[in-house]
Amino acid sequence: MAKKYDVIIVGGGPAGLMAARVAGENGLKAVLLERRKTIDSTKRVDGGGLSPINEYICGEILTFNPKAKRIGFPIDGFSIKYDGPYRDTYGFRIFSAGGKMISFGDYEKLKDDPEKNRVGVAVDKELLLSGLLEEAQAGGAEIMPDTNVTAIETGANSVTVTGNGESFEGSFAIAADGINSRIARLMGMNKDRKFIATMVDRVWNLEGIDLPQVVGISFIVTDYGNFFVSRVARENNYHIGVSTYHPGEDLEGRLNRFVYEDPVYSPWFKGAKKTEEHACVVNILSPIQEPFKDNVLFVGDAAWLMELSNAFAILCGWKAANAVTLAVLDDKLNKDGIASYLEWWQEKFYGPHGHVEFKPIHLDDYLDADAIDYLASLVKEPFVSTMNFYTLFNTIGSTYAELFPQIQEERPDVMEKLMNLANEMDEIEAKARKVGFSNR
């Protein structure tokens, strides 16, 4: 016989744990099912970033108070505990093959008031999850690790989830099982989503180095791969990674070349010790416009293009659990009952960003080192400081669109390469889809 609950939460990441905390605190009978044996143990490529800080996005502005050990969401009126190491971040930087830099934010000015001017915080993700887990348990939610969900069935105002051969029945379920959500596949939510590409990341953690050039996340565009270097919570530690939309490529070899052989960038890592290695494979699908079906709400990464930030995954969990609470209290065990979540999703997430086209581009397929250096040299002044990826992409796109006449005049050879890239966009997308693994 199935155990009965008000809400079943599948997934123990930031969104799922926050949903469990809120549901329990609101007096609902809630259970969280997570396939990992240790919920607060995670090795992730994202490094535990919280961003953007002190910048409005998706109807909220994030705050961080290390003295009170709280991360605040002041518009929605809640906070979470974080008691661990952290490092402030001050924006993106983009470096060319030859070392030319495009900066988001003037760090020399920003560092004069580091707390006011930070736009993100790198935290220890395991400690972040540990705090959410502790608060979820204190709120009364039942937590079931090492539970692999294999089936979901829906009925009249009810959902039954099967995990490890055991059944759990609830009025609602919240699918917080991350990018490439199993619940989304089981319920057919991906049939109408566009498969864009399979992205593979390979990441090392290096310790024992200080990189003053990296004040947040830096992207290094070379003629043999696109790399990223990011601050993580612990001093003198950084994540160094490389990405591809062509699964099967030798990413380990590219990282070795970048860290140990590159004439411009290998000096950054001199004396560093590699302490951890990570890999990540995700299928990129277009976002879900209406993240709800048959009393199942899809939150955070389970409904989005790629991984949301940790902060906004938490916000999704908070919104979803409160919407379910109102549905139960109002005895509206249907779509109307959780309308507040769907309205928020449409207004703050899908409406502003859901139609943005993601392009699986490898710039090194079209631009050599000289062209990359030239394009980077055209940006003379820092952009606005931000850790908002949408601001990053929009700023770069609009800036270079305005520079096209200058590029055409000074470097028609580079302009021709850029036009070739634009004209072959459909072919690039088709190639990425062909070599990927849609697994819908």
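Refer to the structure above for everything that follows.
Right, let's walk through the structure included here.

## With respect to the overall build of the protein chain
In step 1: When its secondary structure is counted, the protein chain shows 12 helices and 23 strands.
In step 2: For the protein chain, the C-alpha radius of gyration of 22 Å lies close to 22 Å, the compact-globule estimate for 440 residues.
In step 3: In terms of its C-alpha atoms, the protein chain occupies a principal-axis envelope of roughly 70 × 50 × 35 Å.
In step 4: Within the span of the protein chain, comprising 440 residues, buried residues form 56% of the whole.

## Some words on the packing of aromatic side chains
In step 1: Inspection of the entire model under this criterion finds 27 aromatic pairs.
In step 2: For the ring pair F78 and W318, a centre distance of 4.6 Å and an interplane angle of 10 degrees mean the geometry is stacked. Here F78 is found in strand β8 (residues 78–81), whereas its partner W318 is found in helix α7 (residues 310–329), with 240 residues between them in sequence.
In step 3: F78 sits in the buried class, given a relative accessible area of 8%.
In step 4: An aromatic cluster is present here, built from F95, Y224, F227, F258, Y265, W268 and F269 joined pairwise through their rings.
In step 5: Lying over the aromatic face of Y238, R87 brings its terminal NZ or CZ to 4.9 Å of the ring centre.
In step 6: Over the ring of W204 we find K274; its NZ or CZ atom is 3.9 Å from the centre of that ring.

## Focus: the environment of K109
In step 1: Considering the arrangement of structural elements, one finds K109 in helix α2 (residues 107–110).
In step 2: For the pair K109 and L132, spaced 23 residues apart in sequence, the C-alpha to C-alpha distance is 35 Å.

## Some words on the sheet that holds strand β12 (residues 120–123)
In step 1: With respect to topology, 3 strands assemble into an open sheet ordered β3-β12-β9, the strand pairing being antiparallel. The open sheet terminates on both sides in strands that have one partner only, identified here as β3 (49–50) and β9 (86–89).
In step 2: Note: β9 against β12, 4 bridges, orientation antiparallel. What sits directly across from D88, in β12, is V121.

## Here's the deal with the pattern of salt bridges
In step 1: This structure, assessed with the given rule, holds 28 salt bridges.
In step 2: R36 serves as the salt-bridge partner of E34, at 3.0 Å between the closest nitrogen and oxygen.
In step 3: Here R433 and E429 are joined by a salt bridge, their closest N and O atoms 3.6 Å apart. With R433 and E429 both in helix α12 (residues 425–435), this residue pair falls 4 residues apart, about one helical turn.
In step 4: The class of R433 is partly exposed, set by a relative accessible area of 31%.
In step 5: For E429, a relative accessible area of 5% translates into the label buried.
In step 6: Counted as one network, the salt bridges with shared partners bring together K194, E357, K359, E429 and R433.

## Some details on the side chain of D364
In step 1: Topologically, D364 is positioned in the loop between α8 (339–353) and α9 (369–377).
In step 2: No salt bridge is formed by the buried D364; the nearest opposite charge belongs to R254, separated by 4.7 Å.
In step 3: Among all residues touching D364, those that are not within four sequence positions of it are T222, D223, Y224, G225 and N226.

## Concerning empty space enclosed by the protein
In step 1: Within this structure, the stated rule accounts for 2 cavities of 30 Å³ or more.
In step 2: Within this model, the largest cavity holds a volume of roughly 60 Å³.
In step 3: For the largest cavity, the full set of lining residues is I179, N180, S181, A184, N190, R193, N283, L285, D301, A302, W304 and L305.
In step 4: In the lining of the largest cavity, the residues fall into 6 nonpolar, 4 polar and 2 charged.

## As for the packing of α9 against helix α10 (residues 389–410)
Axis angle and axis distance: for two packed helices, these are the angle between their axes and the distance between the axes, and together they describe the pair.
In step 1: Closest axis-to-axis distance for the α9/α10 pair is 11 Å, and the angle between their directions is 120 degrees. Judged by the angle between their axes, α9 and α10 are oblique. Once α9 is placed against α10, the crossing between them reads as right-handed. Where α9 approaches α10, its residues Y374, L375 and A376 are matched on the opposing element by Y400, Q406, I407 and E410.

## Re the sheet that holds strand β10 (residues 92–95)
In step 1: Read from one edge of the open sheet, 7 strands run β11-β10-β18-β19-β20-β17-β21, paired in mixed fashion. Looking at strand neighbours, the two that pair on one side only are β11 (101–103) and β21 (273–285), the edges of this open sheet. Strand-to-strand twist across the sheet, computed as the mean angle between neighbouring axes with direction ignored, equals 20 degrees.
In step 2: Of the strand pairs in this sheet, β10 and strand β18 (residues 217–222) are connected by 4 bridges, and their pairing is parallel. Residue pairing across strands places F95 opposite I220, the latter belonging to β18.

## Thoughts on the pairing of β12
In step 1: Judged by which residues are buried, β12 turns out to be covered on both faces: G120 and A122 on one side and V121 and V123 on the other are all buried.
In step 2: In this sheet, β12 lies alongside β3 in antiparallel orientation, the contact comprising 2 bridges. Of the residues in β12, the one forming a bridge with G49 is A122.

## A short note on the state of the cysteines
In step 1: Under the definition given, this model contains 0 disulfides.
In step 2: Cysteine C280 shares no disulfide, and the gap to the nearest cysteine sulfur, in C316, comes to 18 Å.
In step 3: When its relative accessible area of 16% is taken as the criterion, C280 is described as buried.
In step 4: Free cysteine C316: the closest other cysteine sulfur is in C58, separated by 8.3 Å.
In step 5: By relative accessible area, which is 0% here, C316 ends up buried.

## Quick look at the environment of G91
In step 1: Its place among the elements puts G91 in the loop between β9 and β10.
In step 2: You can call G91 buried: its relative accessible area is 0%.
In step 3: With 297 residues separating them in the primary sequence, G91 and N388 have C-alpha atoms 8.6 Å apart.

Calculation notes
- Each chain carries its own residue numbering, running from 1 in the direction its sequence is written.
- pLDDT decides what is reported in this predicted model: residues at 70 or higher carry local features, side-chain atom pairs at 80 or more are listed and counted, and totals for whole chains, interfaces and linings draw on all residues regardless.
- Neither water nor hydrogens contribute to the side-chain values; these are computed over all heavy atoms in the structure.
- Strands here are runs of E lasting at least two residues and helices are runs of H or I lasting at least four, both read from the DSSP assignment and numbered beginning at the N terminus.
- The size measure is the radius of gyration over C-alpha atoms, and the globule rule it meets is 2.2 Å times the number of residues to the 0.38 power.
- Three labels apply to residues, based on accessible area from a 1.4 Å probe with only protein chains included: buried if under 20% of the type maximum, exposed if over 50%, partly exposed otherwise in between.
- Here a pair means two rings of Phe, Tyr or Trp (six-membered ring of Trp) with centres within 6.5 Å. Their orientation is stacked below 30 degrees between planes, edge-to-face above 60, and tilted elsewhere.
- Look at NZ for Lys and CZ for Arg. If either is within 6 Å of the ring centre and within 35 degrees of the ring normal, a charge sits over the ring.
- When DSSP finds two or more bridges between a pair of strands, those strands are recorded as paired.
- Each reported salt bridge corresponds to a side-chain nitrogen of Lys or Arg within 4 Å of a carboxyl oxygen of Asp or Glu.
- In this charge count, Lys and Arg are treated as positive and Asp and Glu as negative; neither His nor the chain ends contribute.
- Note on contacts: a residue pair is in contact if any heavy atoms of the two residues lie within 4.5 Å.
- Only protein atoms enter the 1 Å grid, on which a cavity is a set of points fitting a 1.4 Å probe that cannot get out and a pocket is an open set with protein on both sides within 12 Å along at least 5 of 7 lines, lining residues being those with an atom within 4 Å of a point.
- Grid points are joined across faces, edges and corners, and a volume is the space filled by probe spheres set on the points.
- Classification convention: Asp, Glu, Lys, Arg as charged; Ala, Val, Leu, Ile, Met, Phe, Trp, Tyr, Cys, Pro as nonpolar; all other residues, Gly among them, as polar.
- Convention adopted: a line fitted to C-alpha atoms gives each axis, helices being fitted over their contacting stretch, and angles between N-to-C directions are expressed from 0 to 180 degrees.
- Angles below 35 degrees are treated as roughly parallel, those above 145 as roughly antiparallel, those between 65 and 115 as roughly perpendicular, and all remaining angles as oblique.
- By convention the crossing between two helices is left-handed if the near helix lies anticlockwise of the far one by an angle smaller than a right angle, and right-handed if it lies clockwise.
- When two cysteine sulfur atoms are found within 2.5 Å, that pair is recorded as a disulfide.

Shape is all these values report; function is a separate question.
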